[in-house]
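# Structural overview for review
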Amino acid sequence: MHRLFVAIRPPQPIRDLLIDAMDDSPALRWVGDDNLHLTLRFIGEVERPLADDVAAALGRIRFPGFALRISGVGRFEQRSGGALWAGVDPRKPVAELAAKVDRACVAAGLEPERRAFHPHVTLARFGRRNAAAARDFERRNADLESEPWAVTRFILFESQLSRHGAHYEEVADYALG
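Rules and cut-offs
- Residues numbered from 1 in each chain as written.
- Predicted model: local features only at pLDDT ≥ 70, side-chain atom pairs only at ≥ 80, totals over all residues.
- Heavy atoms only, no water.
- Phe/Tyr/Trp six-rings, centres within 6.5 Å; stacked < 30°, edge-to-face > 60°.
- Helix = DSSP H or I, 4+ residues; strand = E, 2+ residues; numbered from the N terminus.
- Buried < 20%, exposed > 50% of the residue type's maximum accessible area, 1.4 Å probe, protein only.
- Expected span 1.5 Å × (residues − 1).
- Arc of directions from axis to C-beta.
- Contact = heavy atoms within 4.5 Å.
- Core = buried A, V, L, I, M, F, W, Y, C linked by side-chain atoms within 4.5 Å.

On to the packing of aromatic side chains, then. Under the criterion given, the structure shown has seven aromatic pairs. With centroids separated by 5.1 Å and ring planes inclined at 15 degrees, the aromatic side chains of Phe-5 and Phe-157 adopt a geometry described as stacked. With Phe-5 in strand β1 (residues 2-8) and Phe-157 in strand β8 (residues 153-162), this pair connects stretches of sequence that are 152 residues apart. For the residue pair Phe-5 and Phe-157, the accessibility class agrees, reading buried in each case. Taken together, the ring pairs in this structure connect Phe-5, Phe-157 and Tyr-168 into an aromatic cluster.

This is how it looks when you write it as structure tokens:
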């Protein structure tokens, strides 16, 4: 089985900005540089034939390149905890690309994505008892912004889980434009 997702990987200067915003709070489990990305579509566990079909369908996507920038931070909260994230602007082109990625996945045989798309880069995870630390981070970094960067490609990743966390490996790279 292959655990797959499709994402945009920000360039190094943008990842550096995000890492610089992270503090040393032990209450928050920070994402490492290798795992900073903007998910377009989570695919999940699939067998090799379906993974190959997904990769081929993604290769047929035609979409122009566009510019994004980091714009603010926020958090998702659930009963057990949540995640801190950095937002992006403008949202429209990345949402349109995500919709094309979803249609390609459906054409390859996957179920359509049912959750609303909220473009973001996950920065940290936190437990319910550490929600105050997440709110403090959000307040301190509300105006986090980057210079625009050119989005020229998207990537099919495989996620390998271990006791040390997730490790992401590029499976295929797709050019935009």
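There's more to say after this.
An ideal rise of 1.5 Å per residue puts 16 Å on 12 residues; helix α2 (residues 48-59) measures up with 17 Å between its terminal C-alpha atoms. Taken together, the buried positions of α2 are occupied by Ala-51, Val-54, Ala-57 and Leu-58. Seen from one end, α2 has its buried residues packed into an arc of 125 degrees, which puts them on one side. Looking at the buried residues of α2, the elements they touch are β1, β3 (38-46), α3 (92-108), β8 and β9 (165-175).

On to helix α1 (residues 12-21), then. Buried residues of α1: Ile-14, Arg-15, Leu-18 and Ala-21, and no others. Buried residues in α1, looked at end-on, bunch into an arc of 120 degrees, giving them a common side. Along α1, the residues that are exposed and aim more than 90 degrees away from the buried face are Pro-13 and Asp-20. Residues of α1 that are buried sit in contact with β4 (66-78), β5 (81-89), β6 (120-127), α4 (131-140) and β7 (149-151).

Before going further, it helps to examine the nonpolar core. Counting 52 residues, the largest nonpolar core has Leu-40, Leu-58, Leu-97 and Phe-154 as its most contacted members. Sort the elements by how many residues they give to this core and α3 lands first, with seven residues. The contact partners of Leu-40, leaving out residues within four places of it in the chain, are Val-6, Ala-7, Ile-8, Val-94, Leu-97, Ala-98, Val-101, Phe-117 and Phe-154.

None of the figures reported here should be taken as evidence of function without further support.
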